[in-house]
Amino acid sequence: DNIHRPVSKHYSIEDIDYFTVLRNPVDRVWSYYQMGLRFGPEYPIFREASKGLEYFLRSGRKYCASDLQSRYCSLLPFKKPQSIEHTISCLTKFKGLFIFSNLEEDFEYLGLNLWHKNKRQKECPNKSVKSMIENVNKVDSAVYDHFSKLTPHQRLFKLKEYILENSGRHPS
């Protein structure tokens, strides 16, 4: 029905053709934190971000800063992820998994054009900050490491078949 549906007991992995983009959790959280600072007091997360990263990670924004990808993709958006294995098992059932840092290669594999390239991506500034973020993203980090080692074919072949079947094109 072309509507965004979060994975849940109402929209199970077996009933909906899901795909997602996995992003390095340190880069994702650092970007989220920086966005809070950049957008200023009108932005909801500014108050927590302006008190520093450590406060930000412990605050009410902790929900968005800790293992968010794993919780969203494994039927547990408001709970702690059950395990790395559970999350990997859920994501393996998705039609496709893009890796944020490899979007161009992933789109090329699918025979699609990537129209927008995020040129704003900034890496985490130092080991201490990286470590602080990794400590609250252990499941996301392990899941990201697992899938980022796979080739585009291994992560996207089901989505490629789906695209080809539904577009009238045939695999080459």
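On a predicted model such as this, the values are computed, not experimentally measured, just so you know.

Student: What's the story with the environment of Q34 in this structure? I'm lost.
Tutor: Residue placement: Q34 occurs in helix 1 (residues 25-39). Judged by its relative accessible area of 27%, Q34 is partly exposed. Sequence separation of Q34 and L53 is 19 residues, and the distance between their C-alpha atoms is 9.4 Å.

Student: Just checking my understanding: could you explain the environment of I13 for this structure?
Tutor: Position of I13 among the secondary structure elements: in the segment before strand 1 (19-22). You can call I13 buried: its relative accessible area is 9%. Distance from I13 to L91, taken between C-alpha atoms, is 8.8 Å for residues 78 residues apart in sequence. Excluding residues within four positions of it along the chain, I13 makes contact with V7, Y18, C73, C90, K93 and F94.

Student: Can you help me understand the packing of helix 1 against helix 8 (residues 127-135) in this one?
Tutor: Each pair of packed helices gets described by two things: the angle between the helix axes and the distance between those axes. Taken N-terminus to C-terminus, the directions of helix 1 and helix 8 make an angle of 100°; their axes are 9 Å apart at the nearest point. Regarding the angle of helix 1 to helix 8, the classification is roughly perpendicular. Contacts from P25, V26, V29 and W30 of helix 1 reach helix 8 at V129, K130, I133 and E134. Across the contact of helix 1 with helix 8, the residue classes tally to 6 nonpolar, no polar and 2 charged.

Student: Would you mind showing me how to read helix 7 (residues 103-110) here?
Tutor: Count 3.6 residues to each turn of an α-helix, and residues three or four apart come out pointing the same way. Residues of helix 7 that are buried: L103, D106, Y109 and L110. Buried residues of helix 7, viewed axially, fall in a sector of 125°; they line one side. Elements that come into contact with the buried residues of helix 7 comprise strand 1, strand 2 (96-99) and helix 10 (152-167). Looking one or two places after helix 7, you find G111, whose phi comes out positive at around 75°.

Student: In this structure, what is going on with the pairing of strand 2? I would like to understand it.
Tutor: A regular strand carries its side chains on alternate faces of the sheet. Burial of strand 2 is two-sided: the residues G96 and F98 facing one way and the residues L97 and I99 facing the other way are all buried. Pairing of strand 1 with strand 2, which is carried by 4 bridges, proceeds in the parallel orientation. Along strand 2, the bridge assignment pairs V21 with F98.

Student: I keep staring at the packing of aromatic side chains and nothing clicks. Help me out?
Tutor: Remark: the centre distance and the inter-plane angle together describe each pair of aromatic rings, the angle taken between the planes. The final tally for this structure, using the stated rule, is 7 aromatic pairs. An angle of 85° between the planes, with centres 5.1 Å apart, marks the rings of F39 and Y43 as edge-to-face. Through successive ring pairs, a cluster of aromatic residues spans W30, Y32, Y33 and F56.

Rules used throughout
- Residues numbered from 1 in each chain as written.
- Predicted model: local features only at pLDDT ≥ 70, side-chain atom pairs only at ≥ 80, totals over all residues.
- Heavy atoms only, no water.
- Helix = DSSP H or I, 4+ residues; strand = E, 2+ residues; numbered from the N terminus.
- Buried < 20%, exposed > 50% of the residue type's maximum accessible area, 1.4 Å probe, protein only.
- Contact = heavy atoms within 4.5 Å.
- Axes fitted to C-alpha atoms, helices over the stretch in contact; angles between N-to-C directions.
- Parallel < 35°, antiparallel > 145°, perpendicular 65-115°, else oblique.
- Nonpolar A, V, L, I, M, F, W, Y, C, P; charged D, E, K, R; others polar.
- Arc of directions from axis to C-beta.
- Pairing = 2+ DSSP bridges.
- Phe/Tyr/Trp six-rings, centres within 6.5 Å; stacked < 30°, edge-to-face > 60°.

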